[in-house]
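So the chains spell out like this:
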Amino acid sequence: MPDPPADSRMGRLAWNIRYHPKRELWFAWWVMVVFYQLYGVLFFFVTRVQPPPSPAWETPMIEQWFSERNLGLLAGFGVVFLISGMCAPMNALLAYSMRRMSVSRLFAYSYLIIYSLSAIPGMLVMAIAMTAGALRPDRDPELIAWLYDFAFLSFSGTMGVFMIGSLVWMVAVLLDKNRVFPKWFGYLSLCNALTEVVVAPAWIFQRGAFAWNGAIAWWINMVVFVLYTGVFIVLLRKMIEREDFGTGPLPDLPVKDAAKASDSVEAVR
């Protein structure tokens, strides 16, 4: 295997893509970083469906809401459909992290199956419902209101798949002896799972903390989710840097190797 060129940034990038032993892991990690950046931009700024509007609105207000966001809903969710395939390498990396642990492979495979389905309530159902409402503004107003309720309830009230996934990851981390992730991350996974429980009353309440736009069902939930996501992205990066493709405990990253890993990441950038 040739040495990476030292005088060309594009040459180093090409070398990393062709020869780097961890190129698949880094590819999946960068896909994850890009996906969550796009997810935030599309849901918060393009479609403007987050933070969510009130579930207590009457039909005329809902029609006005769709009218004001018509182009953003169509363009934003069109991109959402395009990037949904990015979930595959992300889920593969998360499953790989559990395959690297000392626990049964069942954890990795069950997590992979669960999170392969998570994109359906996590973004695709809302995308379909909102696109259907925006494409036909002349629909029956009651049908527009139904699509509005269906979209936000599917997004906020069907998070059981994420709860189970977080619990699977939590148990795997706490049982693991290979030190893939620190034990405190297992308890953070429990916190994330509990936020998916308290959002369930969004199916019942139209006002207050438990409504789909309430302090508990959305604001606290979102803070925990953003913190949880940021933490596991950082921990996955550290896992890749420490990876030696063995079966035992992951090695601590010496200072010299840490500098090399950092250089490799910078080269990929």
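Remember, it's a predicted structure, so these values are computed and weren't measured experimentally.

### Details of the environment of Leu-194
When you line up the elements, Leu-194 lands in helix 10 (residues 183-198). Along the primary structure Leu-194 and Asn-221 are separated by 27 residues, whereas in three dimensions their C-alpha atoms are 9.0 Å apart.

### Concerning the nonpolar core
Generally speaking, soluble globular proteins have nonpolar side chains that are buried together. Counting 72 residues, the largest nonpolar core has Phe-43, Trp-169 and Phe-185 as the members making the most contacts within it. It is helix 2 (residues 23-46) that contributes the most residues to this core, 11 residues altogether. Aside from chain neighbours lying at most four places away, what touches Phe-185 is Trp-169, Val-173, Tyr-228, Val-231, Phe-232 and Leu-235.

### So, the confidence of the model for the protein chain
In low-pLDDT regions, the fine details of the predicted coordinates are not to be read closely. In this model, the protein chain carries a mean pLDDT of 86, and residues with pLDDT of at least 70 account for 86%. Contacts from residues 261-269, a stretch scored under 50 in pLDDT, to residues over four places away or in other chains number 16 contacts.

### Things to note about the side chain of Thr-47
Examined against the element boundaries, Thr-47 turns out to sit in the loop between helix 2 and helix 3 (59-68). At 2.8 Å, the side chain of Thr-47 and the backbone oxygen of Leu-42 are in polar contact. In contact with Thr-47, not counting residues within four places along its chain, are Leu-42, Arg-69, Gly-72, Leu-73, Gly-76 and Phe-77.

### Notes on unusual backbone geometry
In this model, Gln-50 is joined to Pro-51 through a cis peptide bond whose omega is -10°. Take Pro-51: it is sitting in the loop between helix 2 and helix 3. For Arg-48, which is not glycine, the phi torsion reads 60° and is therefore positive. Within the secondary structure layout, Arg-48 lies in the loop between helix 2 and helix 3. Notably, Phe-245 is not glycine yet its phi reads approximately 60°, a positive angle. Positionally, Phe-245 belongs in the loop between helix 11 (215-242) and helix 12 (255-268). Owing to a relative accessible area of 47%, Phe-245 belongs among the partly exposed residues under this scheme.

### Observations regarding the packing of helix 2 against helix 5 (residues 87-99)
Describing two packed helices takes the angle between their axes plus the distance from one axis to the other. It is the contact of helix 2 with helix 5, at a shortest axis distance of 8 Å, that shows an interaxial angle of 125°. In this view, helix 2 runs oblique relative to helix 5, as classed from their interaxial angle. Seen along the crossing, helix 2 lies across helix 5 with a hand that is left-handed. Contacts between helix 2 and helix 5 involve Leu-25, Phe-27, Ala-28, Trp-29, Val-31, Met-32, Phe-35 and Tyr-36 from the first element and Cys-87, Pro-89, Met-90, Leu-93, Leu-94 and Tyr-96 from the second.

### A short note on the pattern of salt bridges
Overall, the coordinates contain six salt bridges when judged by the stated rule. Between Arg-23 and Glu-24 there is a salt bridge, and its shortest N-O distance comes to 4.0 Å. Arg-23 gets classed as partly exposed once you look at its relative accessible area, which sits at 33%. Notably, a salt bridge pairs Arg-100 with Asp-244, separated by 2.8 Å at the nearest N-O pair. Placement of Arg-100 in the loop between helix 5 and helix 6 (105-117) and of Asp-244 in the loop between helix 11 and helix 12 is noted, with a sequence separation of 144 residues between them. Assessed through its relative accessible area of 5%, Arg-100 is described here as buried.

### Quick notes on the packing of aromatic side chains
Counted according to the given criterion, the structure contains 29 aromatic pairs. Ring geometry for Tyr-36 against Phe-232: centres 6.4 Å apart, planes inclined by 70°, an arrangement best described as edge-to-face. A residue pair is termed long-range when its members are at least 10 positions apart, and Tyr-36 in helix 2 and Phe-232 in helix 11 qualify at 196 residues. Judged by relative accessible area, which is 24%, Tyr-36 ranks as partly exposed. For Phe-232, a relative accessible area of 4% corresponds to the buried category. Between Phe-43 and Phe-155, the ring centres sit 5.8 Å apart and the planes meet at 25°, which makes this aromatic pair stacked. In this pair, Phe-43 sits in helix 2 while Phe-155 sits in helix 8 (residues 141-157), placing the two residues 112 residues apart along the sequence. For the residue pair Phe-43 and Phe-155, the accessibility class agrees, reading buried in each case.

The rules we used
- Residues numbered from 1 in each chain as written.
- Predicted model: local features only at pLDDT ≥ 70, side-chain atom pairs only at ≥ 80, totals over all residues.
- Heavy atoms only, no water.
- Helix = DSSP H or I, 4+ residues; strand = E, 2+ residues; numbered from the N terminus.
- Core = buried A, V, L, I, M, F, W, Y, C linked by side-chain atoms within 4.5 Å.
- Buried < 20%, exposed > 50% of the residue type's maximum accessible area, 1.4 Å probe, protein only.
- Contact = heavy atoms within 4.5 Å.
- pLDDT = per-residue confidence, 0-100.
- Polar contact = N/O pair within 3.5 Å; in protein donor to acceptor, adjacent residues only side chain to side chain.
- Axes fitted to C-alpha atoms, helices over the stretch in contact; angles between N-to-C directions.
- Parallel < 35°, antiparallel > 145°, perpendicular 65-115°, else oblique.
- Left-handed = near helix turned anticlockwise from the far one by under 90°.
- Salt bridge = Lys/Arg side-chain N within 4 Å of Asp/Glu carboxyl O.
- Phe/Tyr/Trp six-rings, centres within 6.5 Å; stacked < 30°, edge-to-face > 60°.

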